[in-house]
Amino acid sequence: MTAVLHLAQLNIARMQAPLEHPVMAGFVAKLDEINALADASEGFVWRLQGEDDDDATAIRAFDNPNLLVNMSVWTSAECLQRYVYASAHLDLIKARDRWFTKLKGPSLVLWWIPAGHVPDLDEAKARLQLLADRGPGPEAFTFARQFPARSELSG
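Across all of its chains, the model carries 4 salt bridges by this definition. Between Lys30 and Glu33 there is a salt bridge whose closest N-O contact spans 3.6 Å. Here the residue Lys30 and the residue Glu33 both occupy positions in helix α1 (residues 25-40), the gap between them amounting to 3 residues, near one helical turn.

As structure tokens, then:
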């Protein structure tokens, strides 16, 4: 019997200024709406949240205090892709240059996990580093170069 696999994703972004700065106001104003949209989207399973709020903006997973992290789990790549590129989330992507600066390495990584597993930030950072070091592969990939779920991941 093959275990069900879900898709985990980590996205990082370097803010142009701290969240409290006026330049970030447009992004901050959209957070609740975009998170609620994710929560209600087909295939959504889980997303990283801070202890005191409904989003992950207070979490600092890297040494740079201007790096935001977003991590979530979805039932399929297709569901995540629909949320990212075929919903109101696309408006944030189109406007990202207003709030964020380009990173040198990858800013998004996808990987398959057993259903029910909740990835932690160390796991996600390791996958992002794997993608940066080796490029897309079955253990760490992107929307542009996806890899199918492999049943051997389930043990």
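Now, onward.
For strand β3 (residues 67-74), a buried count of 7 out of 8 residues is recorded, marking the element as mostly surrounded by other parts of the structure. Summarising the sheet, strand β2 (residues 44-47) and β3 pair through 3 bridges and their orientation is antiparallel. Directly across from Arg47, in β3, lies its bridge partner Ser72.

In this section: the nonpolar core. Grouped together as the largest cluster of nonpolar side chains are 29 residues, with contacts concentrated most on Met24, Phe27, Leu80 and Phe100. Listing elements by their share of this core, those giving two or more residues are β1 (5-15), α1, β3, α2 (77-85), α3 (89-94) and β5 (108-114). In terms of residue count, the dominant contributor to this core is α2 (5 residues).

Relative to the helices and strands, His117 resides in the loop between β5 and α4 (121-134). Looking at His117, the relative accessible area reads 32%, which means it is partly exposed. Only 2.8 Å separates the side chain of His117 from the side chain of Glu123, close enough to count as a polar contact.

Within the secondary structure layout, Val45 lies in strand β2. The class for Val45 is partly exposed, based on a relative accessible area of 38%. For the pair Val45 and Trp99, spaced 54 residues apart in sequence, the C-alpha to C-alpha distance is 27 Å. The residues touching Val45, leaving out its near neighbours within four places in the chain, are His6, Val73, Trp74 and Thr75.

Here we come to the layout of surface pockets. Approximately 1,200 Å³ is the volume attributed to the largest pocket. Listing elements by their share of the lining of the largest pocket, those giving two or more residues are β1, α1, β2, β3, α2, α3 and β4 (100-101). With 6 residues, the single largest contributor to the lining of the largest pocket is β3. Residues that form the lining of the largest pocket fall into these classes: 25 nonpolar, 10 polar and 6 charged. For the second largest pocket, the calculated volume is near 180 Å³. Sorting elements by how many residues they give to the lining of the second largest pocket places α4 first, with 4 residues.

Cut-offs applied
Counting from 1, residues in each chain are numbered in the order their sequence is written. Local features in this predicted model are restricted to residues of pLDDT 70 or higher, and side-chain atom pairs are both shown and tallied only at a pLDDT of 80 or more, whereas totals for entire chains, interfaces and linings draw on every residue. The side-chain numbers reported here are obtained from all heavy atoms of the structure, hydrogens and water having been left aside. Salt bridges are defined by distance alone: a side-chain nitrogen of Lys or Arg within 4 Å of a carboxyl oxygen of Asp or Glu. Helical segments are the DSSP runs of H or I of at least four residues, strand segments are the runs of E of at least two, and each set is numbered from the N terminus. Using a 1.4 Å probe on the protein chains alone, a residue whose accessible area is under 20% of its type maximum counts as buried, one over 50% counts as exposed, and one in between counts as partly exposed. Two strands pair under a simple rule: DSSP has to find at least two bridges between them. Here the nonpolar core consists of buried residues drawn from Ala, Val, Leu, Ile, Met, Phe, Trp, Tyr and Cys, with membership extended through side-chain atoms lying within 4.5 Å. Here a polar contact is recorded for every N or O atom pair within 3.5 Å, except that within protein the pair must consist of a potential hydrogen donor and a potential acceptor, and residues adjacent in sequence are included only if both atoms are side-chain atoms. Contacts: residue pairs with any heavy atoms within 4.5 Å of one another. Method remark: on a 1 Å grid restricted to protein atoms, a set of points is classed as a cavity if a 1.4 Å probe fits but cannot get out and as a pocket if it is open with protein on both sides within 12 Å along at least five of seven lines; lining residues have an atom within 4 Å of a point. Grid points are joined across faces, edges and corners, and a volume is the space filled by probe spheres set on the points. Residues were grouped as follows: Ala, Val, Leu, Ile, Met, Phe, Trp, Tyr, Cys and Pro as nonpolar; Asp, Glu, Lys and Arg as charged; and all remaining residues, including Gly, as polar.

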